[in-house]
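Chain by chain, the residues:
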Amino acid sequence: MRDAITNLIKNYDVSGRYLDRNAVDSLKSYFQTGTARVQAAAAINANSASIVKQAGSQLFEELPELIRPGGNAYTTRRYAACLRDMDYYLRYASYALVAGDTNVLDERVLQGLRETYNSLGVPIGPTVRGIQIMKDIVKQQVAAAGVENTGFVDQPFDHMTRDLSEQDV
Ligand SMILES: CCC1=C(C)/C(=C/C2=NC(=C\c3[nH]c(/C=C4\NC(=O)[C@H](C)[C@H]4CC)c(C)c3CCC(=O)O)/C(CCC(=O)O)=C2C)NC1=O
C-alpha cells in the first residue's frame, strides 16, 4: 500500500534522483490539501452510515428493477450485500483521500472485483452509479464541514468507477 509520499520517493529512488522541482511541487500540493483531506475523512467517518443508506435509497429509487424479483439486489441477503459493498467503497475512498493516492483501492478493493461481479451477475453499470451517488453526497458533507474546494474528493470515487467500467481488451 502506498501514499502520495512513499509513491513519489519510490519513483525517485528507482532512478537515484534527488527530489527536483516537480517533486517539490507535488509535495507542496499534497501538504496544502492535507488539512482538507483529513477534514473529508472526518466528515465521512461521522456520517458513514447515513451516507450509505441515503445513497442506497437513491440508487434503488433510480433503478427499482434492482430490488424487484430477478434483480441482483432482490432478497434481503443480496440487498444487504449491496449496501455492504457500498460501505466498502466509502471506507476505502476515505483511506485513499488521506493517502492522496489510489493505490490502496487497487490493492484492496479493485483487484479481481470485476471477475467476482461478473461471476455473480452483479451489474457493473448500477454499481458505478451507486459510487457516483456516494461521491455527490460526500462532497456535500465535506462542503458542509467547511471545506471550500471539494474537487479532490472526486479522485478515489472516479478511480473506482473508471476501473470498474474498463472493458477487457
Ligand atoms: C473490501 C473489498 C471487497 C469488495 C468490494 C467486495 C465485494 C463483493 N460483493 C459481493 C457480492 C455482492 N455484491 C452485490 C452488490 C450489488 N448488487 C446490485 O444489484 C447493486 C448494483 C450492487 C450494490 C451497489 C450483491 C447483491 C452481492 C451478492 C451477490 C450474490 O451472492 O448473489 C461479493 C461476493 C461474496 C459476498 O457475497 O460477500 C464480493 C467479494 N468484497 C470485498 O472484500
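Rules of the game
Residues numbered from 1 in each chain as written. Predicted model: local features only at pLDDT ≥ 70, side-chain atom pairs only at ≥ 80, totals over all residues. Heavy atoms only, no water. Core = buried A, V, L, I, M, F, W, Y, C linked by side-chain atoms within 4.5 Å. Buried < 20%, exposed > 50% of the residue type's maximum accessible area, 1.4 Å probe, protein only. Contact = heavy atoms within 4.5 Å. Phe/Tyr/Trp six-rings, centres within 6.5 Å; stacked < 30°, edge-to-face > 60°. Lys NZ or Arg CZ within 6 Å of the ring centre and 35° of its normal. Helix = DSSP H or I, 4+ residues; strand = E, 2+ residues; numbered from the N terminus. Expected span 1.5 Å × (residues − 1). Arc of directions from axis to C-beta. Polar contact = N/O pair within 3.5 Å; in protein donor to acceptor, adjacent residues only side chain to side chain.

- If you look the chain up in an unreviewed UniProt entry, it shows as Allophycocyanin subunit beta from Funiculus sociatus GB2-A5.

## Observations concerning the nonpolar core
Thinking step 1. Of all hydrophobic cores here, the largest spans 39 residues; its most connected members are Met134, Phe157 and Met160.
Thinking step 2. Look past the residues within four positions of Met160 in its chain and what remains in contact with it is Tyr89, Ala93, Leu105, Val109, Leu110 and Ile131.

## Observations regarding the packing of aromatic side chains
Thinking step 1. Taken as a whole, this structure holds three aromatic pairs when the rule is applied.
Thinking step 2. Taking the ring centre of Tyr12 as reference, the NZ or CZ of Arg17 above it sits at 4.1 Å.

## Focus on helix 2 (residues 21–32)
Thinking step 1. With 12 residues, helix 2 ought to run about 16 Å at 1.5 Å a step, and its terminal C-alpha atoms sit 16 Å apart, in line with that.
Thinking step 2. Buried within helix 2 are the following residues: Ala23, Leu27 and Tyr30. Across the axial projection of helix 2, the buried residues extend over an arc of 60 degrees, all falling on one side. Helix 2 presents Arg21, Asn22 and Gln32 as exposed residues on the side facing more than 90 degrees away from its buried surface.
Thinking step 3. On its buried face, helix 2 sits against helix 1 (4–14), helix 3 (34–62) and helix 4 (76–99).
Thinking step 4. The N-cap residue of helix 2 is Asp20: its side-chain oxygen and the backbone nitrogen of Asn22 are 3.2 Å apart.

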